Amino acid sequence: MNASHQPQVVFACVRNGGRSVAARLLTEHYAQGRVIALSAGTQPGEHVHPEVAAALEQLGLDTSREHPKHLTRDMIAASDLAITLGCGEECPYVPGVTYRDWPVEDPGGQNEATVLRIIADLDTRVRDLLGEIAPDLELAPSVTSAR
């Protein structure tokens, strides 16, 4: 991706209450405004899973403005990359957009240790992704390794 282009990534899951929200917040945290991160769901729920919000807040990530959104073709079409997290076939396909599936466990309804483990998995994936799409970005230390 060229230096003048600000990459946009959409993280998509079913409920938009856990994995995609965590991935978006982690991306925003590390990207320092260099990458636009969106999250949405194919069947958005009412709210972010409370156990996920609590774990993200514990890691210093603000979830107060997070509300599940419906994933649209336009959202995907405006993105350079669509990362799917369990929405599989329900995720609209838009030619020209790169898709990647991250097989990450659903943190909804899980205990704190499991939610934190899932967020740590997402943290590693997000940091690797940023190293690829914004290679000159100096990444802050991992929010999950500080624990």
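Residues numbered from 1 in each chain as written. Predicted model: local features only at pLDDT ≥ 70, side-chain atom pairs only at ≥ 80, totals over all residues. Heavy atoms only, no water.

**What to know about the overall build of the chain**
Note the cut-off: To qualify as a helix, a DSSP run of H or I must reach at least 4 residues; to qualify as a strand, a run of E must reach at least 2; elements of each kind are numbered from the N terminus. Each radius of gyration reported is based on C-alpha atoms, and the globular scaling rule is 2.2 Å times the count of residues to the power 0.38. Each residue is placed in one exposure class: buried if its accessible area under a 1.4 Å probe, protein chains only, is under 20% of its type's maximum, exposed if it is over 50%, and partly exposed if it falls in between. We call two residues contacting when some pair of their heavy atoms lies within 4.5 Å. For the purpose of counting charges, residues Lys and Arg are taken to be positive, whereas Asp and Glu are taken to be negative. His and the chain ends are not included. Charge positions come from single atoms, namely NZ of Lys, CZ of Arg, CG of Asp or CD of Glu.
Within the chain, the secondary structure is distributed over four helices and four strands. What you see in the chain, going N to C, is helices and strands ordered as β-α-β-α-α-β-β-α. Against the globule reference of 15 Å for 147 residues, the chain gives a C-alpha radius of gyration of 14 Å, in line with a compact fold. For the C-alpha atoms alone, the extent of the chain along its principal axes is close to 40 × 35 × 25 Å. Split into buried and exposed, the 147 residues of the chain put 48% on the buried side. Once local pairs closer than 6 in sequence are excluded, the contacts in the chain between residues at least 24 apart make up 68%. Charge-centre separation for the chain: the mean point of 12 positive side chains lies 1 Å from the mean point of 20 negative side chains.

**Let's talk about the nonpolar core**
To be explicit about the condition: Buried Ala, Val, Leu, Ile, Met, Phe, Trp, Tyr and Cys residues that are joined via side-chain atoms within 4.5 Å together make up what is termed a nonpolar core.
Counting 36 residues, the largest nonpolar core has Phe-11, Trp-102 and Leu-122 as its most contacted members. Breaking this core down by element, the ones donating at least two residues are strand S1 (8-13), helix H1 (19-31), helix H2 (50-58), strand S3 (81-84) and helix H4 (112-133). Not counting the four nearest positions on each side in its chain, Leu-122 is found in contact with Arg-19, Ala-22, Ala-23, Leu-26, Leu-85, Trp-102 and Val-104. In terms of nonpolar packing, the next biggest core, distinct from the first, is built from eleven residues, Ala-40, Leu-71, Cys-87 and Val-94 among them.

**So, the pairing of S1**
This is how it is decided: Strand pairing requires that DSSP identify at least two bridges connecting the strands. Handedness rule for crossovers: strands pointing away from the viewer, path from the first strand over the helix to the second running clockwise, crossover right-handed.
Burial runs high along S1: six of the six residues are buried. Neither face of S1 is open: one carries Gln-8, Val-10 and Ala-12, the other Val-9, Phe-11 and Cys-13, and all of them are buried. Taken together, the six bridges between S1 and strand S2 (residues 36-41) define a ladder with parallel strand orientation. Residue Val-9 lies in a different strand from S2, and its bridge partner there is Ala-37. For the segment spanning S1, H1 and S2, crossover handedness is right-handed.

**Some thoughts on the packing of aromatic side chains**
This is how it is decided: A pair of Phe, Tyr and Trp rings is counted when the ring centres sit within 6.5 Å of each other, with Trp represented by its six-membered ring. The angle between the planes then sorts it: under 30 degrees is stacked, over 60 is edge-to-face, the rest tilted. In this scheme, the term charge over a ring applies when either NZ of a lysine or CZ of an arginine sits within 6 Å of the ring centre and within 35 degrees of the ring normal.
The final tally for this structure, using the stated rule, is two aromatic pairs. Aromatic side chains Phe-11 and Trp-102 sit 5.8 Å apart centroid to centroid with 50° between the ring planes, which places their arrangement in the tilted category. Here Phe-11 is found in strand S1, whereas its partner Trp-102 is found in the loop between strand S4 (98-101) and H4, with 91 residues between them in sequence. Judged by relative accessible area, which is 7%, Trp-102 ranks as buried. Between Arg-127 and the ring centre of Tyr-30, over which it is positioned, the NZ or CZ distance is 4.8 Å.

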